[in-house]
Each structure stands twice: as C-alpha cells, then as structure tokens.
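Architecture at a glance
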Amino acid sequence: MHVVFMNPQGNFDPQDSYLTEHPDFGGQLVYVKELAQAMSRRGHKIDIVTRKIQDNSWPEFSSDQDSYPGFEENLRILRFSFGGKKFLKKEELWPHIPDLVDKMLQFYGENQPDFITSHYADGGYAAKLALELAGIPFSFTGHSLGAQKLDKLVLANNSWSNLNEQFKFSKRIAAERNSMKYAAKVFVSTEQERVDQYSHPLYQKAVDTVDGQKFEVIPPGVNETIFNQRLSSTDTQQTSKLDAIPGLNEKPAILVSSRLDKKKNIEGLVKAYSESRALRNAASLVLCVRGIDDPKLDIFSLEKEEKEVLGNIIDMIDSNNMASQVYFLNISSQLELAATYRYFAQLGSVFALTSVYEPFGLAPIEAAATGLVPIVTKNGGPADIFSNGSGILIDPLCPKSIANGLMEGLNKHTELSSAAVKHVNKKFSWNKTADGYITAIDKIVSTHIKSASTQESVLDCEEEIETYLTRRFT
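Nothing here was measured: the structure is a model prediction, and the numbers come from that model.

Let's talk about the overall build of the protein
Secondary structure summary: the protein contains 19 helices and 14 strands in total. What you see for the protein is a C-alpha radius of gyration of 22 Å, in line with the 23 Å of a compact globule of 474 residues. Dimensions of the protein along its principal axes, counting C-alpha atoms only, are 65 × 55 × 45 Å. Buried residues in the protein amount to 58% of all 474 residues. Summarising the internal contacts of the protein: among those between residues at least 6 apart in sequence, 74% fall at separations of at least 24. Put simply, the protein shows about 19,300 Å² of open surface, and 48% of that area lies on carbon and sulfur atoms.

Printed below as a string of structure tokens:
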C-alpha cells in the first residue's frame, strides 16, 4: 500500500534535529517516525508529509524531500511550502493547511495514495480536506486532545478567552471533532485514552466511544535496537562523560527526561524531592532537558512558559540548598539517552513521569526497557501500562504520594526493574504497532470507493464550540 503520514507541525529530518526540544517536536514525532519506519520495513510505500521551511534558524527543513538512512527505498519525508517561509508554531498553521492539501494532491497527481494516517488535530484537519477533495480515506491518531488540555489550563485559573487566543482551542477542537467523525478509524494507545479523552462533552456529537468499529486500541512501541540493556560504544563514551561529573555516581538517581512543559509537572516532582529528607539522602535528582547545560545561563534563551518552569525549579533548588543534589544533563540523541538510562539503571535508579495527565507515556516504556524502574502518574495511559505491578503509580498533585512512590521504587529496584523489562519486551514494539495499523488500514482500503464528497466544512462548528466554552467558563 501507499500510505501518507499527515503531520503538518513539527518537521522531520534524518538527524532528528530538535526532537523533544520544542513543544511542536515532542513524542508525537517519535511515534510517527518509528511507526513509519516499521511499516516501510514491511514493504509498504510511506510518505511523511510536513512543512517546508526556508529559515536560516531551521536549515534542516529547507529541502523538498528527505529520507532516513537505510529507508531510502520505501520511506520519504515530503515537505511542502505553506504559510510563508519562516517557522510557525502549530497554533499559527490553521489558516494555511488548505494550501498544504492542495499542493500535496497536485504533487501526487493521478498517483494518489491509498490511505492517509493523520496525527494530531492539524493532521486530522488536512486529512479531512483530502477526503473531501480526492476521496482518500484516513485514520485519526489524536495523541492528545484539546478539550482536556483546556480544562486543566482553565482550572489553573487561566482566562478562557486568553487561552483561546494563545492556543486556538476553538479551531483545534473543531478540527478534532471533524477528524473523529469522518475518519474511517480512530487509533488510540490505551482503553483509558479512548474512554477518558474521547467521551468529553465536546466530542460526544462526533464519536461514540463504545463503537468497536470506529476505534482501534494499538499501543506504541519501543525502538528495541536503541532502548535495551545491551552496552554499546555510546555507553563507553557516555560513562566517561558522566563519571567526570563530581558526585553523580555516588548514589542512585531519580531520572527525568522531558520538555519544560507545565503539564509535565516537573515542578511538582522537584517540590516533592525538596520536602523529603529521606529521598534526598537516598538519591540524586537528574533532569535531562535537551538544550540545558547551565540552567541559570540557558534560561535566557527559552520561551515564556519554559522560562517560567525552569525559573521555578531553580528557585526551589536555591531555597532548599539542593545545588549539590540536582543535576541537569543536556542529552542530544536517543542513543545518548539510552546510554544514560543504562548508566543510572546500574546504580539502582528510577525514572519519574509525574505529568498532571499523560495520554500514553512513551518515555517511561523506553526507560523501563533499559532497567530503570518507572514511577508514573496515575492519570492517563501509564495507569493502564504499569497497572500489573511492573511500575508504581503516583498522584501527581500530591507531593507525599510522589515521594513515597519514588522511595518504594528505589527500595524495590531489583524486583521492579526485572518486572518492567519483561513487561515492556513482551508487549511494546513498533513492529507490533505497525502490524496493527496495517491490518486495520488494509481492511479499509480494500472496501473503500474513492470519490470526493461534500461533507460539512472542517471548521463549521467553531462558533458552536466557542459558545459552549464561553458559557462554561464565564
């Protein structure tokens, strides 16, 4: 089959530049890359469709086409110019997505793809337009949905109107509703994601969460060639680098690998650590944040929200005299990250994901595959993944719960590490994810009759959504 991965935001390149460093370059891009590669290995022709940028600050995304080493035959990165030449945040792309779809369909001409698998709301918007114009069937993988994010931000005493201005929630939710409604299949990572996220009142007119034909639960996987317990040449280099940091290898660590995003709740973790003398005596706190070597210097190059998060963390470190107990590591690649995980696993360390809500949680699965014990939020996908006792669930809004979970993970490292490795190796691989997608897509393609349609416009319901949200939050 010829399958398109529709992903307007973020961008892809062979070197994985900026991966997880920017809010638009998060776990969704890892998901798309790994799944696309796994499907191409099975002989399918795969295109990742994204945005071309001609901006000196982003030189990696200036060519029309690219490929990953070893995947040149079946996998292309196709970039189309839309929205001007400069980099735009995902919230600024909405008016320009029809231009992307027009250029993509013109590029393919008579050789239209068999299927589009769309990712995130803007990908779903683009795929819905392609269905209208060319009759190409599509699936929707939301990764995270706007209604839940909005609820949590409003609860944090933010203004609905200001949030809508900043994040374009009414457009995003309208696009999500149409994506769900017209997608031939909605892919979710866990049953909890399907029930918790898609049953929100704003989506009830668009999709029925009990519709077994509409939904397909397929968990993402781990790149087993990178995230494993086998030492490599990268480990030798990384071990030398980490051993040179004074005090780092003297005791186990609580490891975090995340963007400086408020919803990741790194501040809550640091607060829990600062308030537990037993925890501070038992382990160091290691924050792997791409692009941060010296937090007090690098903070000035960050954007507003990241700067606020890092500033709060620095203040807690200083006010609690924790400078000798908290370390920042600037990890630049997945190979280096996996080697870092293995280094700390050998010290009896744990991995912490304390997000307020996490749709799935790819990071703790990757960490668990290397031998770290996962200590994860009870809110969202991680509760499904590690509910069998291979990890520890914590309440991210309760510092005591976080501290107790971390201590339990440290104390039971040998037992839990072994259980986590076995669990991840058995259940989570990109090959299994690819098999699930291919089976579902093949059934759709074999019965679908391609024809352009005249369904409702993607953003027709935007006004209705704004009215609902204004009444609810005013």
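Quick notes on the packing of helix α9 (residues 266-275) against helix α12 (residues 304-319)
Contact pair α9 / α12: the axes reach a minimum separation of 9 Å and the direction vectors enclose 5 degrees. When the axes of α9 and α12 are compared, the pair comes out roughly parallel. Counted together, Ile266, Glu267, Val270 and Lys271 of α9 and Val309, Asn312, Ile313 and Met316 of α12 form the full contact between these two elements. Looking at the contact of α9 with α12 residue by residue, the classes come out as five nonpolar, one polar and two charged.

Quick word on the pairing of strand β1 (residues 2-6)
The buried fraction of β1 amounts to five of the five residues, a majority that puts the element mostly inside the structure. Residue alternation in β1 divides its side chains into two sets, His2, Val4 and Met6 and Val3 and Phe5, and both sets are buried. Of the strand pairs in this sheet, β1 and strand β2 (residues 45-51) are connected by five bridges, and their pairing is parallel. If you follow Phe5 over to β2, its bridge partner there is Ile48. As defined by bridge partners, β1 adjoins strand β5 (residues 115-119) across four bridges and the pair is classed as parallel. Following the sheet pairing, Phe5 is matched in β5 by Thr117.

Criteria and thresholds
- Residues numbered from 1 in each chain as written.
- Predicted model: local features only at pLDDT ≥ 70, side-chain atom pairs only at ≥ 80, totals over all residues.
- Heavy atoms only, no water.
- Helix = DSSP H or I, 4+ residues; strand = E, 2+ residues; numbered from the N terminus.
- Rg over C-alpha atoms; globule rule 2.2 N^0.38 Å.
- Buried < 20%, exposed > 50% of the residue type's maximum accessible area, 1.4 Å probe, protein only.
- Contact = heavy atoms within 4.5 Å.
- Areas by Shrake-Rupley, 256 points an atom, 1.4 Å probe, with all protein chains shown as cover.
- Axes fitted to C-alpha atoms, helices over the stretch in contact; angles between N-to-C directions.
- Parallel < 35°, antiparallel > 145°, perpendicular 65-115°, else oblique.
- Nonpolar A, V, L, I, M, F, W, Y, C, P; charged D, E, K, R; others polar.
- Pairing = 2+ DSSP bridges.

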